[in-house]
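Below, each chain spelled out in residue letters.
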Amino acid sequence: MIAKINVAEKLSRIHEYWRPHVVGELNGQEVKVVKFQGEFLWHTHAVEDEMFLVVKGAMRIDFRDRSIALNAGEFLIVPHGVEHRTAADHEAEVMIFEPAAVRNTGDKQDAALTAPMGLRI
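Residues numbered from 1 in each chain as written. Predicted model: local features only at pLDDT ≥ 70, side-chain atom pairs only at ≥ 80, totals over all residues. Heavy atoms only, no water.

Peer 1: Lay out the packing of aromatic side chains in plain terms, naming residues and giving numbers.
Peer 2: Applying the stated criterion across every chain, the model contains three aromatic pairs. Look at Trp18 and Phe36: their rings are 4.6 Å apart centre to centre, the planes differ by 20 degrees, and that puts the pair in the stacked class. Placement of the pair is Trp18 in the loop between helix 1 (7-12) and strand 1 (21-26) and Phe36 in strand 2 (residues 29-39), with a sequence separation of 18 residues. One exposure class covers both Trp18 and Phe36, and it is buried. (Phe/Tyr/Trp six-rings, centres within 6.5 Å; stacked < 30°, edge-to-face > 60°. Helix = DSSP H or I, 4+ residues; strand = E, 2+ residues; numbered from the N terminus. Buried < 20%, exposed > 50% of the residue type's maximum accessible area, 1.4 Å probe, protein only.)

If you want it as structure tokens, here you go:
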């Protein structure tokens, strides 16, 4: 089915942090929206690249040797195999593009942060 997606409306339905929700799929990739606040755990994805696009607010992506700040309208691609964590001092609304069925905590499992696979909104 062909239907437009209102990103702001989808994000308004999210009331928890760090749990990405699938809002679309294309070519084996999932488009997800998520809210961040605080610091996520350090992790890697062995074979999947991730793209983070800030929709509202600001965030940073920490690497072991530096941090990169992102503001609304900016994105960054984290290559597979690169250890990283996401963080936001204040609430940030973010869109993520990554292969389907990627676990948000990558090579780590955390009861509080690992999101259910394919969570849709």
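Still more ground to cover, so stick around.
Peer 1: Could you give an account of the environment of Val82, with specific residues and numbers?
Peer 2: For Val82, the position within the fold is in the loop between strand 6 (75-78) and strand 7 (85-99). As for Val82 and Ala46, which are separated by 36 residues in sequence, their C-alpha atoms are 8.3 Å apart. Once you skip the residues sitting within four places of it in the chain, Val82 turns out to touch His43, Thr44 and Phe63. (Contact = heavy atoms within 4.5 Å.)

Peer 1: Before we move on, could you go through the nonpolar core and cite the residues and values that matter?
Peer 2: Ranked by size, the top nonpolar core spans 19 residues in total, and within it Phe36, Phe52, Met59, Ile61, Leu70, Leu76 and Val94 carry the most contacts. For this core, the secondary structure elements donating two or more residues are strand 2, strand 3 (50-56), strand 4 (58-63), strand 5 (66-71), strand 6 and strand 7. In terms of residues, this core owes the most to one element, strand 7, which gives four residues. Contacts of Ile61, omitting those with residues within four sequence positions, involve Phe52, Arg66, Ser67, Ile68, Leu70, Leu76, Val78, His84, Arg85 and Thr86. Judged by nonpolar contacts, the second largest core, of seven residues, contains Ile14, Val23, Val31 and Ile121. (Core = buried A, V, L, I, M, F, W, Y, C linked by side-chain atoms within 4.5 Å.)

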